[in-house]
Amino acid sequence: MTNLLTKQAQVQVRRRSKLYRAIVLANAGAIMLSIGAYAQGVEIDAPSAELFEEVFIIGSQEDLQSLAGSATLIDSEAIEKFDATDINDLVSQAPGVYVRYEDGYGLRPNIGIRGVTSDRSQKITIMEDGILISPSPYSAPAAYYFPNVNRMHTLELAKGPAAIKYGPHTIGGAVNMVTRPVPNEAKGQFDATFGNDNFQKYRLFYGDVLTNKNEASDEGQLAYWVDALHYSADGFKELDNGEDTGFERNDLNVKVQWRSAQDARYKQSLALKLGYADEDSDETYLGLSDEDFALNPNRRYLATQLDHFVSDHSQVHVLHSVDFGDNLSVFTRAYYQRFNRSWNRFNGFFSMEGQCPEADDPGCLAIQDILRLDNPFPDQMALLRGEIDSNGNASSIFDITNNDREYGSQGVEVNVNYSIDGTVISHQIEVGLRLHHDFVDRHHKVKGYRMVASELVFDGQDDRGPKDLNRAETDALALFLNDEITWSDWTLNLGLRYENIEGSFDDQLVAIDSDTEERYRERSQSVVTPGLGLHYQWSDNLGLLAGIYQGFSPAGPSSSKDIDPEKAINYEYGLRYQRDTFNFSLIGFFSDYSNLIGRCRASDSGCAVGDEFNGGEIEVSGVELTASKSWALSNELTLPVSLVYTFTESSFQENFDSGFSQWGQVRAGDELPYLPENQLRLQVGLAKGDTWSVDAVVKYTDTMREIPGQGSLESGTFTPSYTLYDLSASWQINERLKLRLIGENLGDKQVIVSRRPFGARPNQPLSVKAGVQYNF
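About the criteria used
- Residues numbered from 1 in each chain as written.
- Predicted model: local features only at pLDDT ≥ 70, side-chain atom pairs only at ≥ 80, totals over all residues.
- Heavy atoms only, no water.
- Helix = DSSP H or I, 4+ residues; strand = E, 2+ residues; numbered from the N terminus.
- Contact = heavy atoms within 4.5 Å.
- Areas by Shrake-Rupley, 256 points an atom, 1.4 Å probe, with all protein chains shown as cover.
- Phe/Tyr/Trp six-rings, centres within 6.5 Å; stacked < 30°, edge-to-face > 60°.
- Buried < 20%, exposed > 50% of the residue type's maximum accessible area, 1.4 Å probe, protein only.
- Lys NZ or Arg CZ within 6 Å of the ring centre and 35° of its normal.
- Pairing = 2+ DSSP bridges.
- Salt bridge = Lys/Arg side-chain N within 4 Å of Asp/Glu carboxyl O.
- Core = buried A, V, L, I, M, F, W, Y, C linked by side-chain atoms within 4.5 Å.
- Domains from an automatic or database assignment.
- Patch = residues over 30% accessible without salt bridge, like charges linked within 9 Å, V, L, I, M, F, W, Y side chains within 5 Å.
- Lys, Arg positive; Asp, Glu negative; His and termini not counted.
- Charge placed at Lys NZ, Arg CZ, Asp CG, Glu CD.
- Polar contact = N/O pair within 3.5 Å; in protein donor to acceptor, adjacent residues only side chain to side chain.
- pLDDT = per-residue confidence, 0-100.

1. Re the overall build of the protein
Helix and strand counts for the protein stand at eight helices and 40 strands. Considering only residue pairs separated by 6 or more positions, the protein has 68% of its internal contacts joining residues 24 or more positions apart. Carbon and sulfur atoms make up 53% of the accessible area of the protein, which amounts to about 31,100 Å² in all.

What follows is the structure in structure tokens.
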């Protein structure tokens, strides 16, 4: 034990030493940049950078047009139009984004960008106001917490070279959710929405200025807002015993912000944001066999009657900006976040004495095998449905595991912005430093239950040990340097990112007196990733862009030393065209992976949670198209139309047999799972000024493989293509009162959208919601 503690202490000392050296180098680099600019004799007379209240990674639609990289901005109007609570529906408005539906409400989204796996959104960088918001983005990046998008003001998605500043996962891209700005006058809003399956949503927002309501005051200004959100539903799934399958979510956030006086020597802004969110849901990992899905896609087996998820998330964010003049500004963010979750759920059957005496012992099989089309295990299927009682065999005893976890993350980030305006060439230089720590504690406790008269009854055995009892943690230093160089009609964006990641893993199920290497593992990763983006304004209306950068996604601290980080060289190229109300962009992308990582989750068989697997070389390429135009039919009547289309193709480049159940046997040329070849979203609206509007949406998703493969599709290994229709109508009765009616999946079409985690799962059926919004 002493040796183990000594080793851990040594690791911590080495980490701190590396961090301190890196901080010194970062500050020295920033100083050298400033000195170098003055030494060139460059004229510095442009106005100082405008202080901003929120942390945007793109800025505005105007900034997007000249960005040397691809990005999408979804504003508050788009969020409000369909009163969005499901992040999956919102991100589908951006090209190059893929979602895999799971629960029908977007409680735990699966989002991928440009080919990276969508599994629990683990390979994209997720932020709120520019701050990493995933529970543990380095140690356990699967995002079991995702901010409630209904309280957001703007949603930004950055891809290509534009995403290199926002690690740690830079291959696909970044999603940034921006909260509402603090108002400069008293302002309030109340929303209430009601729908089928007893859907209810209530939101109350109020903000005001506490001191010096006159912005011209020389004493500064203090303002705040409070944002409270509650939404819930009984669920559209149908347990055979009639119990609820729904959820309830609460979210309370407070922001207080101080702004310096207008005539202050250094203009400053300081904001404190506090947040708390919780969830109580009857969600499950278990889906259906294809046979039962065909009879009733919304059915839930009695085996899931004890499945229950509870969580709470708390956060403290501090944001400070200061403008020193002479084109120099500094923005600092500090954050502290904790997330606790407990998911008690069906996890399979126990095998005989924990062994596999027979090859066909159901306890040694993945649940997916029991749900197979050919129904090789009818007794276990009957037990899942509650049609028969458990007998004396262990293989008829249900494994109900409480996946109890605690996550935490904290850190500080400093960005220095310095602009140099020359007579020919201008520079916008940004230097960033982030110190970050995160961890995850896993304590997965198992109990056995028997099916007796369609009810799960505890088998009385209390001495079963935990399945997982471990802790993973990571200290990470991230540095980036970005120089946006503008001359004439050209914009060149040069970026460089450095990550130093020190991770550790303590498996507490290994005996304390065992070999230290078996229980305690260390993982050190350092990487420098460059990027380049180029934009040329061909004419007032047409811009051309191209870029190349190295993307990176780190291996986890629990991975073995033979697991390589995920790396890819990414290319993009295309054009943007804008004229009056017409906007058009066409962008191609290509990702050349030197290694792909597969990460084991609790739903994967034959591996421990956190285990990782090399996938070798792969290639992903595609085309992203967006187009929009608004026609004026009369003085007040307008017809807006928008189109988003994505084409994607992918292939493994090597033959290998993987121990990762999501891959299995792979052959060169096999396509990646859950990547549709075609996706399309068309939205057509009709509006009369600010009085009323109607918007219709058509969404098409192509067939998706669920396991690697090529050629013809085999039954049970893919999800079919499907088309969904949505409609939104709003009526502004007066300046304070607005009514809204929303219909989703108007064709009431349900298909298998996934067979993960366990079995076939449907999309949400027809949903109708009516809402009222009152401003005061």
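Structure's up, so let's keep going.
2. Thoughts on the environment of L739
By the secondary structure assignment, L739 is in strand β37 (residues 737-744). The sequence separation of L739 and Q773 amounts to 34 residues, and the corresponding C-alpha distance is 6.4 Å. In contact with L739, other than residues within four places in its own chain, are A729, S730, W731, I733, G771 and V772.

3. Structural notes on the packing of aromatic side chains
Evaluated as defined, the whole model comprises 30 aromatic pairs. Plain terms: the ring middles of Y449 and F458 are 5.7 Å apart, the flat faces sit at 55° to each other, and that makes the pair tilted. Among the residues examined, Y449 registers a relative accessible area of 15% and is labelled buried. Ring plane angle 80° and centroid distance 6.2 Å describe the contact between F656 and W663, whose orientation is recorded as edge-to-face. Judged on exposure class, the residue F656 and its partner W663 are both buried. The positively charged end of R341 is found above the aromatic ring belonging to Y144, 4.5 Å away from the centroid.

4. Describing helix α7 (residues 378-385)
Most of α7 is tucked away: six of the eight residues are buried. Turning to α7, its buried residues are Q380, M381, A382, L383, L384 and R385. Buried positions along α7 lie against α5 (290-295), β14 (299-300), β16 (328-349), α6 (367-370), β17 (398-421) and β18 (425-452). Of the residues one or two after α7, G386 is the one with positive phi, at around 80°.

5. So, unusual backbone geometry
With the exception of glycine, the majority of residues adopt a negative phi angle, and the majority of peptide bonds are in the trans configuration. For the bond from G167 to P168, the omega torsion is 15°, close enough to zero to count as cis. Across the junction of R756 and P757, the peptide omega takes the value 5°, indicating a cis bond. Positionally, P757 belongs in the loop between β38 (752-754) and β39 (761-762). Although it is not a glycine, R120 sits at a positive phi angle of roughly 50°. With respect to the element layout, R120 can be found in the loop between β3 (111-113) and β4 (125-128). The phi dihedral of S488 is positive, around 50°, even though this residue is not glycine. With respect to the helices, strands and loops of the structure, S488 is situated in the loop between β20 (468-487) and β21 (490-507). By relative accessible area, S488 is classed as exposed at 64%.

6. Let's talk about the sheet that holds strand β6 (residues 152-159)
Read across the open sheet, the five strands follow the order β1-β6-β7-β4-β5; overall the sheet is mixed. Only two strands of the sheet have a single partner each, and these edge strands are β1 (70-74) and β5 (131-132).

7. Considerations on the pairing of β20
When you tally the buried positions in β20, you get 14 out of 20 residues, the bulk of the element. Inspection of the sheet shows β18 paired to β20 by 20 bridges, in the antiparallel sense. Counterpart to F439 in the pairing with β20 is E473. Hairpin connection from β20 to β21: two residues lie between these consecutive antiparallel strands, with S488 at a positive phi of about 50°.

8. What to know about the pattern of salt bridges
Counted under the stated rule, the structure contains 42 salt bridges. In this structure, R120 and E102 form a salt bridge, with 2.7 Å as the shortest nitrogen-oxygen distance. Here the residue R120 occupies a position in the loop between β3 and β4, and E102 occupies one in the loop between β2 (97-99) and β3, the gap between them amounting to 18 residues. The same class applies to R120 as to E102, namely buried. Close ionic contact of E624 with R114 constitutes a salt bridge, the shortest N to O distance being 2.9 Å. Placement of the pair is E624 in strand β28 (residues 618-632) and R114 in the loop between β3 and β4, with a sequence separation of 510 residues. Comparing E624 with R114 shows no difference in burial state: the two are buried. Salt bridges linked by common partners bring E128, D129, R151, D251 and K273 together as one network.

9. A closer look at the nonpolar core
Counting 83 residues, the largest nonpolar core has L155, L286, F346, L384 and F398 as the members making the most contacts within it. The dominant element in this core, judged by the number of residues it contributes, is β16, at four residues. Counting residues domain by domain, this core receives three or more from each of domain 1 (2-179) and domain 2 (187-498 + 511-775). Excluding residues within four positions of it along the chain, L155 makes contact with T72, L73, I74, I79, I87, L90, V91, V175, N176 and M177. Counting 19 residues, the second-largest nonpolar core is a separate cluster that includes L67, A71, A158 and Y335.

10. Side note on the pairing of β6
By the criterion of burial, β6 is predominantly enclosed, with seven of the eight residues buried. In the sheet, β1 pairs with β6 via five bridges, with the strands oriented antiparallel. Looking across to β6, one finds that I74 is bridged to L155. Direction of pairing for β6 relative to strand β7 (residues 173-179): antiparallel, over a ladder of seven bridges. Following the sheet pairing, E156 is matched in β7 by N176.

11. Examining a negative patch on the surface
On the surface, a cluster of negative charge is contributed by D234, E243, D244 and E455. E243 gets classed as partly exposed once you look at its relative accessible area, which sits at 45%.

12. What about the side chain of N298?
Inspection of the secondary structure puts N298 in the loop between α5 and β14. A distance of 2.8 Å separates a polar atom in the side chain of N298 from a polar atom in the side chain of Q750. If near-sequence neighbours (up to four positions away) are discounted, N298 is found in contact with F236, K237, E238, Q750, P762 and P765.

13. Side note on the confidence of the model for the protein
When pLDDT is averaged along the protein, the result is 88; 89% of the residues meet or exceed 70. Below pLDDT 50 for its whole length, residues 1-52 participates in 67 contacts with residues either more than four positions away or in separate chains.

14. Brief notes about the environment of H427
Among the secondary structure elements, H427 is positioned in strand β18. Accessibility expressed as a relative area gives 21% for H427, which makes it partly exposed. Once the C-alpha coordinates of H427 and I485 are considered, the two residues, 58 residues apart in sequence, prove to be 4.6 Å apart. Not counting residues within four places of it along the chain, the set of residues in contact with H427 comprises Y418, S419, I420, D483, E484 and I485. Separated by 3.0 Å, the side chains of H427 and D483 make a polar contact.

15. Details of a nonpolar patch on the surface
A grouping of W631, L633, L686, V694, Y725, L727, L741, L746, L766 and V768 is seen on the molecular surface, where their side chains present a nonpolar patch of about 820 Å² in accessible area. Checked against the element boundaries, V694 lands in strand β33 (residues 692-701).

16. As for the environment of S66
As for its position among the elements, S66 is in the loop between α2 (61-65) and β1. Look at S66 and you get partly exposed, because its relative accessible area is 36%. Here the alpha-carbon distance between S66 and G543, two residues 477 residues apart in the chain, equals 7.4 Å. Leaving out residues up to four positions away in the same chain, S66 has contacts with H535 and R576.

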